[in-house]
Amino acid sequence: MSVSVTPAEPHGADADELTTFIAGLPKAELHVHHVGSASPRIVARLAARHPDSPVPKDPAELAEYFTFRDFAHFIEIYLSVVDLVRDAEDVRLLTYEVARDMARQQIRYAELTVTPYSSVRRGIPEVAFVEAIEDARHAAERELGVVLRWCFDIPGEVESDAAAELTTRMAVDLAPEGLVAFGLGGPEIGIPRGRFAPYFDRALAAGLRSVPHAGETTGPQTVWDALTELRAERIGHGTSAAQDPRLLAHLAEHGIPLEVCPTSNVATRAVASIEEHPLATVVAAGVPVTIGSDDPPMFGTDLNTEYRVAARLLGLDAAGVAALARSGVRASFLGEPEKARLVREIDDYLASWQG
């Protein structure tokens, strides 16, 4: 993408206007997790249904619960929320409510990262899980105007190959209609990307696209490994790519986007502070980027907030923010006609705003 950058970030009334512009801007979101998107209201409802969970039942207490010491602690808390999704009804409710929150932010299209293993190992039958997310997907598009697609991802924190095998089998054999991509999440330290190459080979042979996490809590080599061993077409996070000019040049030359989630990167301590976030370095190198919220309620954010953060880091005006939104659409796995329609909607919104 080419993002236009103004000399300075907006202040005062200009910042308020940009906030209003972002709130109404049609968007695509490509890096957002299924369970990690559960709002405090939904998390509290699920926690009340499952009183054996350590997750607070009071939504007001969740902000403190979602304060992370480091990435390992984030994984621990994340998995405690995952444990609240125990039957197909939980899955369907969660999925539809996530779409409702997206609709409020003018998100038209989202590729939701789903980790089937986390639910299936808790006793939800594979077919029932797929039916639940697909039912919610159809209802969200029909009733909310939000188009959802799935990225099934392998939870890297599981030491055995059982999670990778189950995820791949569900992706290839059950092949839900909304499934477009295959990913890898969880910790990176001590979890080599190449270990999962056979599973990615099977998923890609079935027509899925490769979107692993890489270079969030490890260095640029993990991104190189995701590219060479997992044939990544987009990189989840990839913030450490900024440390390697040769890698940035490769990403720019081949048009491989980074899915950047600024608030998440600071919350998990992958980046020391928002002022030190490498987004501007990545964009200056010509690397395509798309902005995501990752696990928004856990990080006290949403996609509109992430756009405001990105606008500040990059010094963007309304036209620059619209360019960022177009980049998200173009980096998606939507069909070309659907991409063109959403880009036109962004263009029309910008023209109306400027007019």
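Everything numeric here is computed off the predicted structure, so don't read it as measured data. As a convention, each chain's residues are numbered from 1 in the sequence order in which they are written. A pLDDT threshold of at least 70 governs which residues receive local features in this predicted model, and a stricter bar of 80 or more applies before side-chain atom pairs are shown or counted, although totals over entire chains, interfaces and linings include all residues. Derived side-chain values reflect all non-hydrogen atoms in the structure, with water molecules and hydrogen atoms excluded from consideration.

**Student:** What's the story with the sheet that holds strand β7 (residues 235-237) in this structure? I'm lost.
**Tutor:** Neighbouring strands of a sheet are bound in pairs by backbone hydrogen bonds; such pairs are parallel or else antiparallel. In this scheme, strands are said to pair when DSSP sees at least two bridges between them. Secondary structure elements follow DSSP: runs of H or I of four or more residues count as helices, runs of E of two or more count as strands, with numbering from the N terminus. Spatially, the 4 strands line up as an open sheet ordered β6-β7-β8-β9, and their pairing is parallel. Lying at the two open borders of the sheet, with one neighbouring strand each, are β6 (213-214) and β9 (289-291).

**Student:** Explain the sheet that holds strand β4 (residues 179-185) here, please?
**Tutor:** One open sheet holds the 5 strands; their spatial order is β1-β2-β3-β4-β5, and the pairing between them is parallel. In the strand order of this sheet, the two ends are held by β1 (27-33) and β5 (209-210), each with one partner. Looking at chain direction, β4 and β5 are connected through 2 bridges and run parallel. For Ala181, the partnering residue across the bridge sits in β5 and is Arg209. Any pair of residues with heavy atoms lying within 4.5 Å of one another is described as a contacting pair. Every axis corresponds to a line fitted to the C-alpha atoms, with the helix fit spanning only the stretch in contact, and the corresponding angles, defined between N-to-C directions, vary from 0 to 180 degrees. Helix-sheet contacts for helix α14 (residues 303-314) involve β1 and β2 (107-114), and the interaxial angle to β1 is about 105°.

**Student:** For this particular structure, what's the right way to read the packing of aromatic side chains?
**Tutor:** Remark: the centre distance and the inter-plane angle together describe each pair of aromatic rings, the angle taken between the planes. Between the rings of Phe, Tyr and Trp (Trp by its six-membered ring), a pair exists once the centres lie within 6.5 Å; its type follows the angle of the planes, with under 30 degrees stacked, over 60 edge-to-face, and the other angles tilted. Under the criterion given, the structure shown has 4 aromatic pairs. Ring plane angle 35° and centroid distance 5.3 Å describe the contact between Phe74 and Phe299, whose orientation is recorded as tilted. Taken as a pair, Phe74 in helix α4 (residues 71-82) and Phe299 in the loop between β9 and α14 lie far apart in primary sequence, 225 residues in all. Note on Phe182 and Phe200: the rings are 5.0 Å apart at their centroids and 80° apart in plane angle, and the pair reads as edge-to-face. Highlighted residues: Phe182 in strand β4 and Phe200 in helix α9 (residues 197-205), separated in sequence by 18 residues. For the pair shown, Phe182 and Phe200 are each scored as buried. We call a residue buried when its accessible area falls under 20% of the maximum for its residue type, exposed when it is over 50%, and partly exposed in between, using a 1.4 Å probe and counting protein chains only.

**Student:** Looking at this model, I keep getting lost on the pairing of strand β3 (residues 147-155). Mind explaining?
**Tutor:** Note on strand geometry: in a regular strand, side chains alternate between the two faces of the sheet. Of all the 9 residues making up β3, 8 are buried; the element is thus mostly covered by neighbouring parts of the structure. Of the pairings in the sheet, the one linking β2 to β3 comprises 6 bridges and is parallel in character. Following the sheet pairing, Val114 is matched in β3 by Phe152. Sheet analysis places β3 next to β4, joined by 6 bridges and oriented parallel. Looking at β4, one finds that Ile154 is bridged to Leu184. The parallel pair β3 and β4 is bridged by helix α8 (residues 162-174), and the resulting crossover is right-handed. We call a crossover right-handed when, viewed with the strands running away from us, the connection from the first strand over the helix to the second turns clockwise.

**Student:** Where do I start with helix α11 (residues 245-254) in this structure?
**Tutor:** Along an α-helix, residues three or four positions apart point the same way, because every turn accommodates 3.6 residues. For α11, every residue scored as buried is listed here: Leu247, Leu248 and Leu251. Viewed along the axis of α11, the buried residues span an arc of 100°, placing them on a single side of the element. Facing away from the buried surface of α11 by more than 90 degrees, the exposed residues are Pro245, Arg246 and Glu253. Looking at the buried residues of α11, the elements they touch are α10 (220-229), β8 (258-260) and α13 (279-284). Any N or O atom pair separated by 3.5 Å or less is treated as a polar contact, with the protein-specific requirement of one donor-capable and one acceptor-capable atom, and with residues adjacent in sequence counted only for side-chain atom pairs. Measuring from the side-chain oxygen of the N-cap residue of α11 to the backbone nitrogen of Arg246 gives 3.0 Å; that N-cap residue is Asp244. Just past α11, the residue Gly255 takes up positive phi, approximately 65°. By definition, the arc is the one covered by directions from the helix axis to the C-beta atoms.

**Student:** What am I meant to see in the nonpolar core here?
**Tutor:** The tendency in soluble globular proteins is for nonpolar side chains to be buried as a group. If you look at the biggest cluster of nonpolar residues, it comprises 110 residues, and the most contacted ones within it are Phe21, Met102, Phe196, Leu227, Ile235, Tyr307 and Val321. If you tally residues by element for this core, the top one is α4, at 7 residues. Contact partners of Met102, with chain neighbours within four places excluded, come to Glu29, Val32, Ile107, Ala110, Leu112, Val146 and Leu148. The term nonpolar core refers to a set of buried residues drawn from Ala, Val, Leu, Ile, Met, Phe, Trp, Tyr and Cys, joined through side-chain atoms within 4.5 Å. Among the nonpolar cores identified, the runner-up in size contains 5 residues, and Cys151, Val180, Val211 and Phe333 belong to it.

**Student:** Honestly, the environment of Glu253 in this entry has me stumped. Any pointers?
**Tutor:** With respect to the helices, strands and loops of the structure, Glu253 is situated in helix α11. Glu253 gets classed as exposed once you look at its relative accessible area, which sits at 65%. Between the alpha carbons of Glu253 and Asp295 there is a distance of 30 Å; along the sequence they are 42 residues apart.

**Student:** Sorry, what's going on with the packing of α14 against helix α15 (residues 318-330) here?
**Tutor:** Packed helices, taken two at a time, are described by the angle their axes make and the gap between the axes. For the pair α14 and α15, the least separation of the axes is 10 Å and the interaxial angle reads 120°. Between α14 and α15, the interaxial angle falls into the category oblique. In this structure, α14 meets α15 at a crossing whose hand is right-handed. The segment α14 lies against α15, with Tyr307, Ala310 and Ala311 engaging Val321, Leu324 and Ala325. By definition in this entry, angles of less than 35 degrees are roughly parallel, angles greater than 145 are roughly antiparallel, angles of 65 to 115 are roughly perpendicular, and the rest are oblique. Crossings are assigned a handedness: left-handed for a near helix turned anticlockwise from the far helix by less than a right angle, right-handed for a clockwise turn.

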